[in-house]
Amino acid sequence: MLVDRDAPIIVFDSGVGGLSVLQGIRAALPQAPLVYAMDRAAYPYGQQAEATLLARVPALLGRLAERYRPRLIVMACNTASTVALAAVREALQVPIVGTVPAIKPAACMTQTGVIGVLGTAATVRQAYVDRLSAAFAADRLVLRHGAPALVDYAEARLRGAPGDGDAPRAAINALLAQPGGDRLDTIVLACTHFPLVRDALVETAPRQLRFIDGTEGIARRCQALTTGQSWPAQAPTGITLTTGEPAECTLLVETLARFGLGPAQAL
Ligand code: DGL
């Protein structure tokens, strides 16, 4: 299929989490025009009912697809992906890349046989996670914990605020305290907000733990899906969109600029 040179890749999340994914895509495809879309009005997704996300996410991405004619949409959100990936793929003609918890690589890497899945409350209760665990980690112990405070902590940090400094420790301890947690050696960062605060997680961990996420895999998938397509000579400054009030993103301006994005506009 012939793709317009200027057709963007849309990267979508509830808030800033998708920036961790966007960074990987930017490194893999430096010329790609990017649109970063946040559904701030429904943040945090992890505290939403499945029905809300199923009604909301396909409709929102449909609107974005009509407006921007993207070559690819990346759902840079584990919560939206584990709940609504199939519904979005059914509703839209555009290729969709989802973000799913990196349970498969974690199951290969663990030496103790115990892995932790740190995500939102919504993600860790999904049947999607049951299926991934059964398919790729059947002989492993998979512990799960939903950490909404860690999501808020990442949002605060990217706005230059300290946030709740206890959130990283509390999240790790909640996994380690579960039966078998004393043998845990690998933690899947199953929320795109969490790689943005990896430094705090590493620092607070009471012993050496391996943290893994799906960013590289997503970037590789984007590369594969756009092989042979043409690009502008240089990527333009990325467009940032948000539902709700763009003024609420004023404190994000510097962070967005660091990721090659302009200030947030209304979606
Ligand atoms: N960054 C998202 C995820 O990967 C959602 C966080 C939230 O809005 O609760 O799950």
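Residues numbered from 1 in each chain as written. Predicted model: local features only at pLDDT ≥ 70, side-chain atom pairs only at ≥ 80, totals over all residues. Heavy atoms only, no water.

An unreviewed UniProt entry annotates the chain as Glutamate racemase of Salinisphaera japonica YTM-1. Listed under Pathway (unreviewed entry) in UniProt, the entry text for the chain is "Cell wall biogenesis; peptidoglycan biosynthesis." (UniProt positions renumbered as here; feature names shortened; annotations may be inferred.)

### Digging into the overall build of the chain
When helices and strands are tallied, the chain shows eleven helices and ten strands. Projected onto the principal axes, the alpha-carbon positions of the chain cover approximately 50 × 40 × 35 Å. Counting the 267 residues in the chain, one finds 56% classified as buried. Contacts in the chain between residues far apart in sequence, at least 24 positions, make up 76% of those at least 6 positions apart. Summing over all exposed atoms, the chain offers an accessible surface of approximately 11500 Å²; the carbon and sulfur share of this is 52%. (Helix = DSSP H or I, 4+ residues; strand = E, 2+ residues; numbered from the N terminus. Buried < 20%, exposed > 50% of the residue type's maximum accessible area, 1.4 Å probe, protein only. Contact = heavy atoms within 4.5 Å. Areas by Shrake-Rupley, 256 points an atom, 1.4 Å probe, with all protein chains shown as cover.)

### As for the UniProt feature "active site" (unreviewed entry) in the chain
Mapped onto this structure's residue numbering, the UniProt feature "active site" (unreviewed entry) falls at Cys 77 and Cys 191. Spanning 115 residues, the named residues nonetheless gather at one spot, since no C-alpha pair among them exceeds 6.5 Å. Considering the arrangement of structural elements, one finds Cys 77 in the loop between strand 3 (72–75) and helix 3 (78–91). Residues contacting Cys 77, with those up to four places away along its chain left out, are Phe 12, Asp 13, Tyr 45, Thr 99 and Thr 192. Secondary-structure assignment places Cys 191 in the loop between strand 7 (186–190) and helix 9 (198–204). By relative accessible area, which is 5% here, Cys 191 ends up buried. Contacts of Cys 191, omitting those with residues within four sequence positions, involve Asn 78, Leu 118, Gly 119, Thr 120 and Val 151.

### Side note on the site of the ligand
By nearness alone, 14 residues border the ligand, and Ser 14, Tyr 45, Asn 78, Thr 79 and His 193 come closest of all. One nitrogen or oxygen atom from the side chain of Ser 14 is found 2.6 Å from an oxygen atom belonging to the ligand. One of the backbone nitrogen or oxygen atoms of Tyr 45 is found 2.7 Å away from an oxygen atom of the ligand. Here the shell around the ligand is built from residues that sort into six nonpolar, seven polar and one charged. (Near = heavy atom within 4 Å. Polar contact = N/O pair within 3.5 Å; in protein donor to acceptor, adjacent residues only side chain to side chain. Nonpolar A, V, L, I, M, F, W, Y, C, P; charged D, E, K, R; others polar.)

### Digging into the nonpolar core
Most often, soluble globular proteins keep nonpolar side chains buried together rather than apart. The biggest cluster of nonpolar side chains holds 27 residues, and the ones touching the most others in it are Ile 9, Leu 19, Ile 25, Val 74 and Cys 222. Sorting elements by how many residues they give to this core places helix 1 (residues 18–28) first, with four residues. Residues Ile 10, Tyr 68, Val 83 and Ala 84 belong to the second largest nonpolar core, which totals 26 residues. (Core = buried A, V, L, I, M, F, W, Y, C linked by side-chain atoms within 4.5 Å.)

### A short note on the packing of aromatic side chains
Scanning the entire structure with this criterion turns up one aromatic pair. Their ring planes at 55° and their centres at 6.3 Å tell us that Phe 12 and Tyr 45 sit as a pair that is tilted. Residue Phe 12 is located in strand 1 (residues 9–13), and its partner Tyr 45 is located in the loop between strand 2 (34–38) and helix 2 (50–68); the two are separated by 33 residues in the primary sequence. Classification of Tyr 45 by relative accessible area gives buried; the value is 2%. Between Arg 40 and the ring centre of Tyr 43, over which it is positioned, the NZ or CZ distance is 4.8 Å. Positioned above the aromatic ring of Tyr 128, the side-chain terminus of Arg 131 is 5.5 Å from the ring centre. (Phe/Tyr/Trp six-rings, centres within 6.5 Å; stacked < 30°, edge-to-face > 60°. Lys NZ or Arg CZ within 6 Å of the ring centre and 35° of its normal.)

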